[in-house]
Amino acid sequence: MNSENPENPERRKLLKSAVGTSALALGVSAFPSWLMPALAQGEVEVPFSDVPDTFRVLPVRPGSTHYQDTSKIDSHYTSNDDFYLVQHYGQPEVDNASYQLRVTGLVDRPLTFSLDQLRARQTIEKDVGFECGGNGARLFHGLVGNASWRGVSLRDILMEAGIKPEGKEIVFFGADIGEEELRGRTVETAFARSLSVEDALNENNMLAFEMNGEPLPHFHGKPVRLLIPGWYGVANVKWLTQIHVQDTRYMGRFMGRDYVTLKREEVGGQERWVENSVTKMNLKSVVVRVTKSGADHKVTGFILNDGTPIRSVEVKIDNGPWQQAMIDPAASQFTWKLFQFDWKDAQPGEHSIVSRVTDINGNVQLPQDQLPERASYWEEFGQFPRTINIGA
Ligand SMILES: Nc1nc2c(c(=O)[nH]1)N[C@H]1C(S)=C(S)[C@@H](COP(=O)(O)O)O[C@H]1N2
Ligand SMILES: [Mo]
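Residues numbered from 1 in each chain as written. Chains lettered and ligands numbered in written order. Predicted model: local features only at pLDDT ≥ 70, side-chain atom pairs only at ≥ 80, totals over all residues. Heavy atoms only, no water.

Asks: Just to check I follow, could you spell out the sheet that holds strand β1 (residues 43–45) for this structure?
Replies: Ordered in space as β1-β14-β15-β19-β18, the five strands form an open sheet in which the pairing is antiparallel. Since the sheet does not close on itself, it has two edges, and those belong to β1 and β18 (326–327), each with one partner. (Pairing = 2+ DSSP bridges. Helix = DSSP H or I, 4+ residues; strand = E, 2+ residues; numbered from the N terminus.)

Asks: Sorry if this is basic, but what is going on with the site of ligand 1 here?
Replies: Inspection of the region around ligand 1 gives 20 residues, with Tyr-84, Asp-176, His-220, Arg-225 and Lys-238 positioned closest. Val-86 is positioned with one of its backbone polar atoms (N or O) 3.1 Å from an oxygen atom of ligand 1. Relative to its unbound accessible surface of 530 Å², ligand 1 loses 100% to contact with the protein. When its residues are assigned to classes, the shell around ligand 1 shows eleven nonpolar, six polar and three charged. (Near = heavy atom within 4 Å. Polar contact = N/O pair within 3.5 Å; in protein donor to acceptor, adjacent residues only side chain to side chain. Areas by Shrake-Rupley, 256 points an atom, 1.4 Å probe, with all protein chains shown as cover. Nonpolar A, V, L, I, M, F, W, Y, C, P; charged D, E, K, R; others polar.)

Asks: In this structure, what is going on with the environment of Glu-188? I would like to understand it.
Replies: Structurally, Glu-188 can be placed in strand β7 (residues 185–196). Classification of Glu-188 by relative accessible area gives exposed; the value is 61%. C-alpha separation for the pair Glu-188 and Asp-81, spaced 107 residues apart in sequence, amounts to 30 Å. Dropping the residues within four chain positions of it, Glu-188 is found in contact with Ile-177, Gly-178 and Glu-179. (Buried < 20%, exposed > 50% of the residue type's maximum accessible area, 1.4 Å probe, protein only. Contact = heavy atoms within 4.5 Å.)

Asks: Would you explain the nonpolar core in this entry?
Replies: For soluble globular proteins, the rule of thumb is that nonpolar side chains tend to be buried together. Leu-118, Trp-149, Phe-172, Leu-207, Ile-243 and Phe-302 are the most contacted members of the largest nonpolar core, which has 68 residues in total. In terms of residue count, strand β8 (residues 206–211) provides more of this core than any other element does, five residues in total. Two domains each provide a minimum of three residues to this core, namely domain 1 (70–262) and domain 2 (284–390). Core analysis: the next-biggest nonpolar cluster, separate from the first, contains 22 residues, Val-46, Phe-48, Ile-327 and Ala-331 among them. (Core = buried A, V, L, I, M, F, W, Y, C linked by side-chain atoms within 4.5 Å. Domains from an automatic or database assignment.)

Asks: So what exactly am I meant to see when it comes to the pairing of strand β13 (residues 270–277) here?
Replies: Each regular strand carries side chains that alternate between the two faces of the sheet. Summarising the sheet, strand β12 (residues 260–267) and β13 pair through eight bridges and their orientation is antiparallel. Within β13, the residue paired with Val-267 across the bridge is Gln-270. Here β12 folds back onto β13 in antiparallel fashion, the turn holding two residues, of which Gly-268 has a positive phi close to 55°.

Asks: Can you help me understand the environment of Asp-359 in this one?
Replies: In this fold, Asp-359 is placed in strand β20 (residues 349–359). Exposure remark for Asp-359: the relative accessible area of 5% places this residue in the buried category. On a C-alpha basis, the gap between Asp-359 and Val-144 in space is 20 Å, while along the polypeptide they are 215 residues apart. Here the side chain of Asp-359 touches Asn-361 through a polar contact of 2.8 Å, landing on its backbone nitrogen. Only 3.0 Å separates the side chain of Asp-359 from the side chain of Asn-363, close enough to count as a polar contact.

Asks: Looking at this model, I keep getting lost on the domain arrangement of the protein. Mind explaining?
Replies: Interface size, as often reported, equals the accessible area lost upon joining of the parts. Domain assignment breaks the protein into domain 1 (70–262) and domain 2 (284–390). Just the C-alpha atoms count here: the centres of domain 1 and domain 2 sit 29 Å apart. Each partner contributes to the interface: domain 1 provides 33 residues, whereas domain 2 provides 27 residues. Approximately 2600 Å² of surface area, both sides summed, lies buried where domain 1 meets domain 2, with 60% of it carried by carbon and sulfur atoms. Sorting the residues of domain 1 by area buried against domain 2 places Ile-73, His-76 and His-141 first, and these three jointly supply 22% of that buried surface. Summed over the shared surface of domain 1 and domain 2, the result is one salt bridge. Across the pair Glu-131 and Lys-284 runs a salt bridge, and its minimum N-O distance is 2.6 Å. Our count for the contact surface shared by domain 1 and domain 2 stands at twelve residue pairs in polar contact (both at pLDDT 80 or more). (Buried area = accessible area lost by both parts, 1.4 Å probe. Salt bridge = Lys/Arg side-chain N within 4 Å of Asp/Glu carboxyl O.)

Asks: Would you take a moment to explain the pattern of salt bridges for this structure?
Replies: What the rule picks out here adds up to 17 salt bridges. Of the charged contacts in the structure, one is a salt bridge between Lys-72 and Asp-69, with a shortest N-O distance of 3.6 Å. The class of Lys-72 is partly exposed, set by a relative accessible area of 46%. In this structure, Glu-271 engages Arg-264 in a salt bridge whose closest nitrogen and oxygen atoms are separated by 2.9 Å. Where salt bridges share partners, they join Glu-45, Asp-69, Lys-72 and Arg-289 into one cluster.

Okay, structure coming up:
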């Protein structure tokens, strides 16, 4: 996708549609010409000094986790090759011709769809970005990506099947099967996640079969994946083959044991250790890139959250004041939101740079040490200070 050429009609369309979004409550009109070009003439990347020499970003390898080099993020869309990859039971090859999606359980009409039948339905297209619930500082927040997706409405399909009144929970199964040691036995289980009926019926949810205008790539869940905008990546079941409605809670590994955050919280006035399944994305911003052109420095970062409109994002250098950064007008409700800050008069020497984001409800991204004590590494969304050395 060419985001560098302002003449690109796709790009124009995107910019036009972004202006109308209420997701950007603030000052969009102040920077109509703002684009994120790759390095402009004479512009160079300034490396962070907090990245260990041993840190490597490897090319995609079959079966492996892949993270982006966040210091290279310079456009609204992540290419299909660079979009991060996480899978726990390998990457099953699902054949398009024999593919079936089944809707089963407490429904009035059990349904089965071939890929062609899904593709023949009315489609919806949405820009959605997300990160792994296990994303964090150790990977410079590289388990992240933002793409345009096309597919069909999950809500329409569930309405067509008709959820019976006793149906309470909707389970989404992938074609990937792993062996788990449970109660002293080895059992085969599919990757699965569940949603309440209310969450599942959200009109933003889709069954996606295209990513950035291409058929969904094998590693991202070919031919069909679930997409729950505003949620951590784990909700977006890849290689989706079955949707099952039941009247009890689904307790499988990725709902009940893994992707479970353990933190210290007030529960009705009582301090307790609380375990929660990873669900909606927390309000977060990170600084990922600094470039320099002559004496001018540009700081870039991204914002993610559950789709609540953003009020502002600010950058602080050393012990200076919080200063307003600009949000990319290409951003929309469920995308990541790239932001940019013009760093004037950067002095030679070592500096710290940190960002914080505030949503329209006044929720502010806090420093890590002001967040509830957390015993698990899931859901890392505190402020993330970076260090950088500005040459003389
Ligand atoms: N079937 C299946 N779906 C899955 C997973 C998996 O292991 N199997 N991993 C989940 C997790 S933990 C994440 S973070 C996202 C990653 O999606 P991506 O690889 O397309 O970026 O897929 C989710 N969907
Ligand atoms: Mo994940």
